[in-house]
Amino acid sequence: MLATSLTAAVVGVDAHLVRVEADTAGGFPRFTMVGLPDSSVRESEGRIRAALRNCGYQFKWDRRITVNMAPASLRKMGSSYDLATAVGLLATDGLVPSPLLRDILLVGELALDGSLRPVGGILPMMLLARRRGIRAAIVPERNAREARIVSDVRVYPVASLPDAVALASSPERPLPPEPPPAASSAPAPADLADVRGQAAARRALEVAAAGGHNLLLVGPPGAGKTMLARRLPGILPPLTPEEAVETTAIHSAWGARLEDVLTARPFRSPHHTASDAALVGGGSIPRPGEVSLAHNGVLFLDELPEFRRHVLEALREPIEDKAVTVSRVRGTLRLPARFQLVAAMNPCPCGFRGDARRGCSCTPHGRLRYGARVSGPLLDRIDLHVVVAPLAYGDIVGPPGEPSDVVARRVREARARQAARAGGSFVLNGDRDGGSIREIARPDHEGTRLLRAAMERLGLTGRAHDRLLRVARTLADLEGVEEVAGRHVAEALQFRHPEPDTE
Ligand SMILES: [Zn+2]
């Protein structure tokens with residue numbers, strides 16, 4: 001007898017439909033699993049045998065049993081196929097009517113006693129079900145909240161294999177129970193009110209949020225670079241419903257256990273020892289990396305010069321293209337990676353260059369080598385460079401800073417102006433689909449004069465000129481004026497070349 005059940009495989013950030021074909025026949029007893037399962041999938045035989053026995057099913061193993069996972073071109077890994085395989089095997093004996101398995105997705109790992117364990121990637125699987133018109137899904141209880149994010153699929157949370165079999169066999173499936181109300185446990189994002197002083201860095205953070213610019217914070221250890229970076233998501237506009245589902249699906253595909261749709265913009269801060277696979281994604285069955293986990297949010301790289309050179313080079317693609325290409329067995333895969341980069345570094349190896357109180361103890365050669373570790377092309381893609389000075393006494397005892405919600409309102413208004421100019425949705429000033437920056441930011445007389453002088457004095461490239469113009473455009477948007485004026489160009493120049501000469 002042959003029976004087919006449906007389940008899903010997650011590759012990158014998307015799920016693909018997998019048909020589990022189970023066949024039992026007389027002949028020499030043998031269990032064969034085909035269709036590119038890796039060893040972790042082949043181990044499911046042991047779990048399924050024990051679960052069937054311990055749940056009291058009289059399944060006969062002394063015959064020829066073949067399980068085929070189609071399509072065979074898709075590599076299968078992990079334990080999420082257990083449930084579909086077990087139910088499929090029972091269907092070959094008629095314990096589950098095979099036709100009823102045509103429109104239900106079965107997902108879950110089996111424990112030896114037949115209880116169901118949660119798996120990763122549930123949200124992309126439910127999005128797949130919706131896409132393919134599969135109207136119902138049986139999932140482990142602990143995956144239920146995440147599964148219910150997709151409202152068009154009936155989600156049946158079950159605790160064990162017998163519960164799943166009962167549901168799958170019922171021609172008139174009852175409506176799933178109403179989910180209990182979600183306990184909102186999202187912690188409040190860090191607030192800018194905690195940051196005292198730091199006027200220049202706070203301004204840079206606001207400009208970065210308003211224009212979607214990348215930001216580099218340069219300052220000695222303990223000046224508060226990380227504290228500042230963590231406060232960027234809190235002044236960005238909230239995720240749109242589409243962004244929320246898209247972002248949550250990426251985190252689910254990566255393997256995060258989720259209770260509900262993510263509402264806060266992600267903030268990812270990989271350590272400088274991170275491998276390229278961890279940072280940009282990849283692997284034999286591609287998984288998203290930090291750049292994709294930061295999609296629609298912030299990627300924070302602390303100690304930028306400590307990252308390995310080729311890891312930093314690998315960032316150029318996602319910064320330019322808002323996506324990253326990872327290689328797989330057959331061809332390549334594109335993963336979304338639209339993030340805002342915030343990088344932080346010390347001004348020199350000892351960290352105290354430019355600090356009048358401590359003084360720098362580095363050799364000129366050491367300083368040079370340190371700066372050279374971050375390539376020019378990467379720095380070129382960071383519009384805003386700002387010096388974060390160590391706090392002065394007056395700052396520490398001074399009043400608290402302006403709170404995030406006040407800053408967020410200005411950011412929202414500036415973005416609304418940009419969106420209106422680009423015809424509806426926010427795009428980074430001068431991004432490809434937002435029109436050329438030279439068209440949307442025509443500086444006035446004084447602005448033009450300053451730009452020309454800067455080009456000549458600093459020897460700016462065409463690209464650097466355009467990046468400067470983008471920041472100037474954002475500054476005008478924050479101020480609420482249409483024309484880019486000299487003061488905007490002057491401030492944009494400050495952000496590009498902030499370092500005081502301390503040689
Ligand atoms: Zn130093």
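Thresholds applied
- Residues numbered from 1 in each chain as written.
- Predicted model: local features only at pLDDT ≥ 70, side-chain atom pairs only at ≥ 80, totals over all residues.
- Heavy atoms only, no water.
- Helix = DSSP H or I, 4+ residues; strand = E, 2+ residues; numbered from the N terminus.
- Buried < 20%, exposed > 50% of the residue type's maximum accessible area, 1.4 Å probe, protein only.
- Contact = heavy atoms within 4.5 Å.
- Areas by Shrake-Rupley, 256 points an atom, 1.4 Å probe, with all protein chains shown as cover.
- Lys, Arg positive; Asp, Glu negative; His and termini not counted.
- Charge placed at Lys NZ, Arg CZ, Asp CG, Glu CD.
- Donors = N, O, S within 2.8 Å, 3.2 Å for Na, K, Ca; no water.
- Tetrahedral: all angles 85-135°; square planar, octahedral: opposite > 155°, others 65-115°.
- Core = buried A, V, L, I, M, F, W, Y, C linked by side-chain atoms within 4.5 Å.
- Pairing = 2+ DSSP bridges.
- Salt bridge = Lys/Arg side-chain N within 4 Å of Asp/Glu carboxyl O.

Engineer: Looking at this structure, I do not really get the overall build of the protein. What am I missing?
Structural biologist: Looking only at helices and strands, one finds 21 helices and 16 strands in the protein. A principal-axis box enclosing the C-alpha atoms of the protein has dimensions of 85 × 45 × 45 Å. Counting only residues that meet the buried cut, the protein has 52% of its 503 residues in that class. Considering only contacts in the protein between residues 6 or more positions apart, those separated by 24 or more positions represent 73%. As displayed, the protein has an accessible area near 22500 Å², and 52% of this comes from carbon and sulfur atoms. For the protein, the separation between the mean place of its 65 positive charges and that of its 57 negative charges on side chains is 3 Å.

Engineer: Quick question: what am I supposed to make of the coordination of the zinc ion here?
Structural biologist: Four donors placed tetrahedrally around a metal ideally meet at 109.5 degrees, and six donors placed octahedrally ideally meet at 90 or 180 degrees. Within the protein, the zinc ion binds to Cys348 (SG), Cys350 (SG), Cys360 (SG) and Cys362 (SG); these donor distances fall in the range 2.1 to 2.4 Å. Around the zinc ion sit 4 donor atoms, and with donor-metal-donor angles ranging over 106 to 114° the site reads as tetrahedral. Here the donor residues of the zinc ion are spaced in sequence according to C-x1-C-x9-C-x1-C. Taken together, the positions of cysteine 350 in the loop between strand 15 (340-345) and helix 14 (364-372) and cysteine 362 in the loop between strand 15 and helix 14 put the pair 12 residues apart, joining distant regions of the chain. Residue classification places cysteine 350 among the partly exposed residues on the basis of a relative accessible area of 23%.

Engineer: Can you help me understand the nonpolar core in this one?
Structural biologist: One broad trend across soluble globular proteins is that nonpolar side chains are buried collectively. Of all hydrophobic cores here, the largest spans 72 residues; its most connected members are Ile138, Leu161, Leu304, Leu315 and Phe339. For this core, the leading source of residues is helix 3 (residues 82-92), giving 7 residues. Within the second largest apolar cluster, 49 residues are counted, among which are Leu217, Val298, Ala464 and Ala492.

Engineer: I would appreciate a short explanation of the pairing of strand 8 (residues 136-140) in the present structure.
Structural biologist: For a regular strand, the rule is simple: side chains alternate between the two faces of the sheet. Among the 5 residues of strand 8, 5 are classified as buried, and the element is accordingly described as predominantly covered. Across 3 bridges, strand 5 (residues 104-106) lies against strand 8 in parallel orientation. Directly across from isoleucine 104, in strand 8, lies its bridge partner alanine 136. Pairing geometry for strand 8 and strand 9 (residues 154-158), over 5 bridges, is parallel. From the neighbouring strand, valine 139 faces strand 9, where its bridge partner is proline 157.

Engineer: I tried to follow the pattern of salt bridges on my own but got confused; where do I start?
Structural biologist: Opposite charge on two side chains permits them to pair, given that their charged atoms come into close proximity. Here the structure, examined in full by the defined rule, presents 26 salt bridges. Across the pair glutamate 109 and arginine 117 runs a salt bridge, and its minimum N-O distance is 3.4 Å. Look at glutamate 109 and you get buried, because its relative accessible area is 16%. The partner of aspartate 466 in a salt bridge is arginine 438, with the nearest N and O atoms 2.8 Å apart. In this pair, aspartate 466 sits in helix 20 (residues 462-479) while arginine 438 sits in helix 18 (residues 437-440), placing the two residues 28 residues apart along the sequence. Through salt bridges with shared partners, a single ionic network connects Glu320, Arg381, Asp383 and Arg467.

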